[in-house]
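# Residue-level structure breakdown
One letter stands for each residue in the lines below.
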2 protein chains.
Amino acid sequence: MINRLNREIQKKNAPIVVGLDPTMKFIPGFIKEAAFSVYGETLQGAGEAIWQFNKGIVDAVYDLVPAVKPQIAMYEQFGIEGLIAYKKTIDYCKSKGLIVIGDVKRGDIGSTSAAYATGHLGKVQVGNESFSPFDEDFATVNPYLGTDGVKPFIDVCKEEKKGIFVLVKTSNPSSGEFQDRLIADEDNRPLYEIVGRKVEEWGADFMGESYSYVGAVVGATYPEMGKVLRDIMPKSVILVPGYGAQGGKGADLVHFFNEDGLGAIVNSSRGIIAAYQSDKYKEKYSESNFADAARSAVLEMKDDIASALDKR
Amino acid sequence: MINRLNREIQKKNAPIVVGLDPTMKFIPGFIKEAAFSVYGETLQGAGEAIWQFNKGIVDAVYDLVPAVKPQIAMYEQFGIEGLIAYKKTIDYCKSKGLIVIGDVKRGDIGSTSAAYATGHLGKVQVGNESFSPFDEDFATVNPYLGTDGVKPFIDVCKEEKKGIFVLVKTSNPSSGEFQDRLIADEDNRPLYEIVGRKVEEWGADFMGESYSYVGAVVGATYPEMGKVLRDIMPKSVILVPGYGAQGGKGADLVHFFNEDGLGAIVNSSRGIIAAYQSDKYKEKYSESNFADAARSAVLEMKDDIASALDKR
């Protein structure tokens, strides 16, 4: 799957992942009204609105990008009905040829991580039958519990030829609170570098053609740290959140890429799916053109990254 | 809810939480057969088996313990159908007067943590209506993203009078890989102490009668660290996993408690729910008496902890 991700990035010339993180306020009124008219103002109505909104976005951008990243929290907040929309979205994206990165940030003790890995990336056994419950292609993983919380994901990935992205340096303002702490017996290097070295170690044992199946999450909001981490993990694809609404710009991203033009995939969520509400696009696009606005935002992001990479 | 948790611990004289972590191999054959005979060997069949198994355990122990802790991964591995069983379990436990700690270990950037907090502890708005999707009483939270990943949970808890347990030092063998790293500018104190101090700080702002609504997770498998963390976070209830199957014993637990006999709640999962399969109980209990075996295991655990506390 990591080989396919790289091929798709090259084919579409877009190291871009669209974050499918729907909230009620991003969804156009006419979609909500249609959903509520059938299911009422219920969790099921919300699930239907999310699903119709996602479908519109996906139909407008699937030919431009290699991958999507649904953030499961945005679905989980609507309970079971939200998660049904999450699963529908995964299946639909895959049917359109998109690679699906489940942004689930799971991580637990060994046996529990194994259950998460099974549910999201693997197959679960029920009697003599087996099922792939959520069936994303990649998942994000939280490393706080250490190797035995991460390894079960890698074990499942080896069977399924899928991959993970381990949180190394997250994009949020307080990510430094623990991640930047300087480790005394590691020459005072920050914790995120120690985690980065583990990612490299885990990945060395699970290589695709030129990149490992074990990627990393490093926020666009910390470009200098991205540069250091790029060197520490040369064979890992870095999933870069924080572009756009969180403040990251194209010029900040160049250090996340390797010389081969690969090694990074940049996520934008709000900047794409809610483009029609942004100052930049709201004159040109009305609510009913939300999908066209998303397409324009993807094209603009593609240009922004390409021109930043050209200039380096 | 933290006041209620402490009152229930005192009333039932049992600082014990039963971990409802069902796996197919823990569930007696007759329960699986009954479920599969209706729903087939499907995810729905697995969900039904899990639910019937949980119901049997809960009916046998609800009068003995204050709380249960379903581990959501064990349900999530069966996809939507597993999560339906998770929700049914939560509702049933609450109807039996039990406090429900959702072991979800979520944590993300601010807006995403807010969505998780809403889905598990809060109310989500759909049009003019609001819903409590999963509605656990407490949730476990991963701190790797720092304060802005934890605060949204606290904000929701303040509205709902619910609480969280933040992962500080987990029970698994490799938890030390990152959590024990010595922090250079903190007098070489380990990271888990720095996280513990943050838990104390977050909790100071959100106190119940004698304990804060912000608890901590510290594994029974690390009793000496538990002693230090007890001092660092005097007002936090420590949720202690790792008793029983993971190796923790009653004598290891005394340091997790305060002098008032409160301040800790000890989890056992496999040791209780799969007691009928253990060497100790399998002579006395057959598969059909799985619930009686669970009750015996709770009573024995209660005695083990009480006698360890008496001896200190």
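Residues numbered from 1 in each chain as written. Chains lettered and ligands numbered in written order. Predicted model: local features only at pLDDT ≥ 70, side-chain atom pairs only at ≥ 80, totals over all residues.

### Let's talk about the sheet that holds strand E1 (residues 16-20) of chain B
Residue and element names in this part refer to chain B. Pairing is parallel in the closed barrel, where eight strands are placed in the order E1-E2-E3-E6-E7-E10-E11-E12. The sheet shows a mean angle of 30 degrees between the axes of neighbouring strands, taken without regard to direction. Bridge count between strand E6 (residues 138-141) and strand E7 (residues 163-169): four bridges; the pairing is parallel. Residue pairing across strands places Ala139 opposite Ile164, the latter belonging to E7. (Pairing = 2+ DSSP bridges. Helix = DSSP H or I, 4+ residues; strand = E, 2+ residues; numbered from the N terminus. Axes fitted to C-alpha atoms, helices over the stretch in contact; angles between N-to-C directions.)

### Description of the environment of Gly163 of chain B
Position of Gly163 of chain B among the secondary structure elements: in strand E7. Through-space distance from the C-alpha of Gly163 of chain B to that of Phe153 of chain B is 8.3 Å; in sequence the pair is ten residues apart.

### A word on helix H2 (residues 29-39) of chain A
Residues and elements named next belong to chain A. Looking only at H2, the buried set comprises Ile31, Lys32, Ala35 and Phe36. One face of H2 carries all of its buried residues, which in axial projection span an arc of 125 degrees. Those residues of H2 that are exposed and angled more than 90 degrees off the buried face are Gly29, Phe30, Glu33, Ser37 and Val38. Check the buried side of H2 and you find it contacts helix H3 (43-61). Trailing H2 by a residue or two, Gly40 shows a phi angle of about 75 degrees, which is positive. (Buried ≥ 20, exposed ≤ 12 C-beta atoms within 10 Å, placed from the backbone. Arc of directions from axis to C-beta. Contact = placed C-beta atoms within 7 Å.)

### Examining the sheet that holds strand E7 (residues 163-169) of chain A
All names here are of chain A. Strand order in the closed barrel formed by eight strands is E1-E2-E3-E6-E7-E10-E11-E12, with parallel pairing between adjacent strands. Adjacent strand axes in the sheet meet at a mean angle of 30 degrees, parallel and antiparallel pairs treated alike. Note: E7 against strand E10 (residues 214-218), five bridges, orientation parallel. Bridge assignment links Leu167 to a residue of E10, and that residue is Val217. The strands that helix H9 (residues 191-204) touches are E7 and E10; relative to E7, the one it contacts most, it runs at about 160 degrees.

### Notes on the environment of Ile50 of chain A
Residue and element names in this part refer to chain A. Relative to the elements of secondary structure, Ile50 occurs in helix H3. Classification of Ile50 as buried rests on a count of 30 C-beta atoms within 10 Å. For the pair formed by Ile50 and Arg7, sequence separation is 43 residues and the distance between their alpha carbons is 30 Å. In this structure, Ile50 is in contact with Pro22, Ile27, Tyr75, Gly82 and Ala85, ignoring residues within four places of it in sequence.

### Re the interface of chain A and chain B
When the parts of a complex come together, some accessible area is lost, and that lost area is often used as the size of the interface. On the chain B side, the residues contacting the 65 residues of chain A number 65 residues. Sorting elements by how many residues they give to the side of chain A that touches chain B places helix H6 (residues 110-121) of chain A first, with six residues. A breakdown of the residues in the side of chain A that touches chain B according to their chemical character gives 30 nonpolar, 25 polar and ten charged. (Nonpolar A, V, L, I, M, F, W, Y, C, P; charged D, E, K, R; others polar.)

### Side note on helix H7 (residues 147-160) of chain A
Residues and elements named next belong to chain A. Spanning 14 residues, H7 covers 20 Å between terminal C-alpha atoms, matching the ideal 20 Å at 1.5 Å per step. All of the buried residues along H7 are Gly149, Val150, Pro152, Phe153, Ile154, Val156 and Cys157. Residues of H7 that are buried sit in contact with H6, strand E6 (138-141), E7, H9 and E10. One or two positions beyond H7, positive phi appears at Lys161, with a value near 55 degrees. (Expected span 1.5 Å × (residues − 1).)

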